[in-house]
Amino acid sequence: VQTTVGDNALMHRKSLQQADKYIREHYMEELSLATLAAQCNLHPNYFPRLYTTAFGLTPAQRILSCRIAAAKMLLLTQNCSMSEIAAQCGFSSQTYFGYKFKEVLHMTPLQYRRKRLGSRKP
């Protein structure tokens with residue numbers, strides 16, 4: 001009987017959920033496919049296919065989603081610099097943080113902060 005990636009994703013659903021939980025709890029760290037695959041006892045080359053099949057997005061997309069969500073919260077609740085927010089959310093640099101933030105939300109982090117907070121300063 002031939003098994004598909006979808007069948008294997010279902011078989012490994014619980015361990016893939018463990019990897020997803022690990023991402024949500026460790027998004028601020030550098031996360032490699034090897035580290036995430038180890039959470040499921042899967043090979044790093046195979047893990048991304050199963051994860052994507054199970055959750056509908058790649059591990060990298062999930063990590064970015066968690067980092068952007070955390071950044072949005074910090075932008076609205078903390079009076080931190082952009083470089084501090086970038087570091088706290090696991091981005092490798094302030095420049096990369098700004099680039100990815102704008103790619104996802106179509107505005108810079110500062111524009112997001114100003115738009116959401118209005119004219120008052122954080």
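Before any of the text, the structure's been laid out above.
It should be emphasised that the depicted structure is a prediction, and the values quoted were computed from it without experimental measurement.

K.L.:
Any chance you could explain unusual backbone geometry here in plain terms?
P.N.:
Trans peptide bonds make up the majority, and among non-glycine residues the majority have a negative phi. In this structure, Asn41 is a non-glycine residue whose phi angle is positive, near 55°. With respect to the helices, strands and loops of the structure, Asn41 is situated in the loop between α3 (33-40) and α4 (47-55). Overall, the relative accessible area of 73% leaves Asn41 in the exposed class. Residue His106 is not a glycine yet carries a positive backbone phi of 60°.

K.L.:
Sorry, what's going on with the packing of aromatic side chains here?
P.N.:
Two measures describe an aromatic ring pair: the distance that separates the ring centres and the angle between the ring planes. Tallying each qualifying case throughout the model produces six aromatic pairs. Ring plane angle 45° and centroid distance 5.1 Å describe the contact between Phe91 and Phe97, whose orientation is recorded as tilted. Each member of the pair, Phe91 as well as Phe97, is classed as buried. Between Phe101 and Tyr112 the ring centres are 5.6 Å apart and the planes differ by 75°, which places this aromatic pair in the edge-to-face class. Residue Phe101 is located in helix α7 (residues 94-105), and its partner Tyr112 is located in helix α8 (residues 109-117); the two are separated by 11 residues in the primary sequence. Phe101 gets classed as buried once you look at its relative accessible area, which sits at 0%.

K.L.:
Would you explain the nonpolar core in this entry?
P.N.:
Note on soluble globular proteins: their nonpolar side chains tend to be buried together. Core analysis: the largest hydrophobic core is formed by 32 residues, its most contacted members being Leu16, Phe47, Ile85 and Phe97. Breaking this core down by element, the ones donating at least two residues are α2 (13-26), α3, α4, α5 (59-77), α6 (82-88) and α7. No other element matches α5, which puts eight residues into this core. Each residue touching Ile85, except ones within four places of it in the same chain, is listed here: Ala71, Leu74, Leu75, Cys80, Phe97 and Arg113.

K.L.:
Which parts of the structure should I look at to understand the pattern of salt bridges?
P.N.:
With the rule as written, the count across this model stands at four salt bridges. Its salt-bridge partner being Arg62, residue Asp20 comes within 2.9 Å of it at the nearest N-O pair. Taken together, the residues Asp20 in helix α2 and Arg62 in helix α5 connect sequence positions 42 residues apart. Looking at Asp20, the relative accessible area reads 7%, which means it is buried.

K.L.:
Got a minute to help me understand the packing of α2 against α5 in this structure?
P.N.:
Contact geometry for α2 and α5: axes closest at 9 Å, N-to-C directions at 35°. Every pair of crossing elements has a handedness; the one defined by α2 and α5 is right-handed. Counted together, Asp20, Ile23 and Arg24 of α2 and Pro59, Arg62, Ile63 and Cys66 of α5 form the full contact between these two elements. Residue composition of the contact of α2 with α5, grouped by class: four nonpolar, no polar and three charged.

K.L.:
How should α8 be read in this particular structure?
P.N.:
Within an α-helix, residues lying three or four positions from one another point in the same direction, as the helix has 3.6 residues per turn. Residues Pro109, Tyr112, Arg113 and Leu117 constitute the buried set of α8. Each buried residue of α8 lies within a common arc of 105° when the element is viewed along its axis, so the set occupies one face. The outward face of α8, more than 90 degrees from its buried face, is lined by the exposed residues Arg114 and Lys115. Buried residues in α8 make contact with α5, α6 and α7. Taken from the residues just after α8, Gly118 is the one with a positive phi, measuring 70°.

Here is what the cut-offs are and how they apply
- Along every chain, residues carry numbers that run from 1 in the direction the sequence is written.
- Whole-chain, interface and lining totals are the exception, using all residues; otherwise, since this is a predicted model, local features are given only for residues with pLDDT of at least 70 and side-chain atom pairs are given and counted only at 80 or more.
- Excluding hydrogens and water, the side-chain values take into account all heavy atoms of the structure.
- What counts as a helix is a DSSP run of H or I of at least four residues, what counts as a strand is a run of E of at least two, and both are numbered from the N terminus.
- Buried residues are those whose accessible area, probed at 1.4 Å on protein chains only, stays under 20% of the maximum for their type, while exposed residues exceed 50% and partly exposed ones sit between those limits.
- Centres within 6.5 Å are what make two rings of Phe, Tyr or Trp a pair, Trp counting through its six-membered ring; a difference in plane orientation under 30 degrees is then read as stacked, over 60 as edge-to-face, and the rest as tilted.
- In this description, a nonpolar core means a group of buried Ala, Val, Leu, Ile, Met, Phe, Trp, Tyr and Cys residues linked to one another through side-chain atoms lying within 4.5 Å.
- Note on contacts: a residue pair qualifies if any of its non-hydrogen atoms lie within 4.5 Å across the two residues.
- When a carboxyl oxygen of Asp or Glu is within 4 Å of a side-chain nitrogen of Lys or Arg, the pair counts as a salt bridge.
- Comment: axis = line fitted to C-alpha atoms, over the contacting stretch for helices; angle = value between 0 and 180 degrees taken between N-to-C directions.
- Crossing handedness: left-handed means the near helix sits turned counterclockwise from the far one by under a right angle, and right-handed means the same turn made clockwise.
- Just so you know the grouping, Ala, Val, Leu, Ile, Met, Phe, Trp, Tyr, Cys and Pro go in nonpolar, Asp, Glu, Lys and Arg go in charged, and all remaining residues, Gly too, go in polar.
- The arc refers to the directions leading from the helix axis to the C-beta atoms.

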